[in-house]
Amino acid sequence: MLRGVAPLALTLLLAGCQRGEPGSKPGSTPTPEAAASPERVNGDEQPAGASAFTAPPLPERPAAIDIHVHLVGGHVDELLATLDRHRISAAAVLASPHLDPDHPPPPGGDKFAGWRAANERLLEQTQAHRDRLLPFVTVEPAQVEAAELEGWLDRGACGVKLYIGHHSLHPRPLDDPGYAATFALLEQRAVPVLLHVNTVRFEDELDALLRAYPKLEVVCPHLCGSRTDLDRLERILAKHPSLRVDTSHGEGRPGVDGFTNLERERERLRALIGAEPQRFLYGSDLVTLISSGSQAEFSLGRWRGQVEANLGLLAAERFEFLRDGAGPAMLTTGEYRGLALEGEVLEGVLAGNARIWLGGCLGP
Ligand SMILES: [Zn+2]
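Details of the overall build of the chain
Secondary structure assignment for the chain yields eleven helices and eleven strands. The buried share of the chain, reckoned over its 364 residues, is 57%. Long-range pairs, those at least 24 residues apart, make up 75% of the contacts in the chain between residues at least 6 apart in sequence.

Notes on the environment of L206
Structurally, L206 can be placed in helix α5 (residues 199–212). Separated by 34 residues in sequence, L206 and H240 have C-alpha atoms that sit 9.8 Å apart. Beyond its immediate sequence surroundings of up to four residues, L206 is in contact with L174, L195, V197, T199, C224 and I236.

Observations concerning the nonpolar core
Counting 95 residues, the largest nonpolar core has I67, L79, L149, F183, L195, L269 and F280 as the members making the most contacts within it. In this structure, I67 is in contact with A92, L94, L194, V219, D246, L281, Y282, G283, A354 and W357, ignoring residues within four places of it in sequence.

Details of the state of the cysteines
A complete count under the given rule lists two disulfides for this structure. C158 shares a disulfide with C361; S-S distance 2.2 Å. Where C158 bonds to C361 through sulfur, the torsion about that S-S bond is close to 95°, and the disulfide is right-handed. Of the two residues, C158 is situated in the loop between α3 (146–154) and β4 (159–165) and C361 in the segment after α11 (343–358); the sequence distance between them amounts to 203 residues. In this structure C158 comes out as buried when scored by relative accessible area, which is 6%. Note on C361: relative accessible area 25%, which makes it partly exposed. Put simply, C220 and C224 are joined by a disulfide, and their sulfur atoms are 2.2 Å apart. Since a negative S-S torsion denotes a left-handed disulfide, the C220-C224 link at about 80° is right-handed. Take C224: its relative accessible area is 0%, and that puts it in the buried class. Taken N- to C-terminal, the disulfide-bonded cysteines of the chain are connected 1-4, 2-3.

Quick look at the pairing of β4
Judged by how many residues are buried, β4 sits mostly within the fold: seven of seven residues are covered. In terms of handedness, the path from strand β3 (residues 133–138) via α3 over to β4 forms a crossover that is right-handed. Of the pairings in the sheet, the one linking β4 to strand β5 (residues 192–197) comprises four bridges and is parallel in character. Across the sheet, the residue bridging to V160 is V193, located in β5. In terms of handedness, the path from β4 via helix α4 (residues 180–188) over to β5 forms a crossover that is right-handed.

Rules of the game
Residues numbered from 1 in each chain as written. Predicted model: local features only at pLDDT ≥ 70, side-chain atom pairs only at ≥ 80, totals over all residues. Heavy atoms only, no water. Helix = DSSP H or I, 4+ residues; strand = E, 2+ residues; numbered from the N terminus. Buried < 20%, exposed > 50% of the residue type's maximum accessible area, 1.4 Å probe, protein only. Contact = heavy atoms within 4.5 Å. Core = buried A, V, L, I, M, F, W, Y, C linked by side-chain atoms within 4.5 Å. Disulfide = S-S within 2.5 Å. Right-handed = clockwise from strand over helix to strand, strands pointing away. Pairing = 2+ DSSP bridges.

Take a look at the structure:
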């Protein structure tokens, strides 16, 4: 199963919106941020396995819409080229104030403090590409003013990304009264909301929130935080019949753990998707970071690998991603078995369900 390439202990520092949030049980050790960098893996220079993520795009499959891309670093051109390469017609691009090294948070410990400025940057960076890059602003829902949020929506924001269900960005319960006005507005305007929820910790809060706002147009990423526990996914889907989930896997340990479990649970997940295919949406959780200098190509290769692996999970019999290797903390490029969805189910998960969720954002 494993291919003979150099160990690639991994880029945990770059993992997406699950950074520091392994699939994870309360109290488990957080993923060490900045624990490794491509330059310092095992003391080597650029790992020999870097080129392993250059597999060609999958053969014939429907064009896709990626509903989960963190646009940071202003890398719009590189992102558009990546979408072209993988036959992705459009992407929801998410304001990510805590993930952008070009705009570090102000002193004071609140890593989310720059959210308003991040929204302004996102709207500006996507201005010339709104046919393909659909901006999702982010808010601190207890702080945002209704007029402010409506202003961003009126200026072209397609949706809202919320990080408040991430355990490190969770200042109050998801169903806290302080959030009520914002959720009421999002529900009333039928705004697409991508709501990250660590459902190991906050499933009850999600339940209360969705009971209070049953018409919220929510997609809950990473199989609603349940890639490693399909019992939980099945329970959440049953409780909330209008909830949608994305299938994205970010870099590093959370992605590896998710792909590994879903390979084990392949038939069960195929059955869940087959029963209600309209509830599952493709996403890559790409974070558009590019290392400087000679590492830039390595970064772009990693983008390609992540996008293609997330497509492969849905569309291919086999796909490549990092997986556990011989020793502790060793990740090695290897193959996984994909779900190999077909026909209308595949088209829906790759794009059709996103078109419905995104509504008017995509134009005619
Ligand atoms: Zn993410």
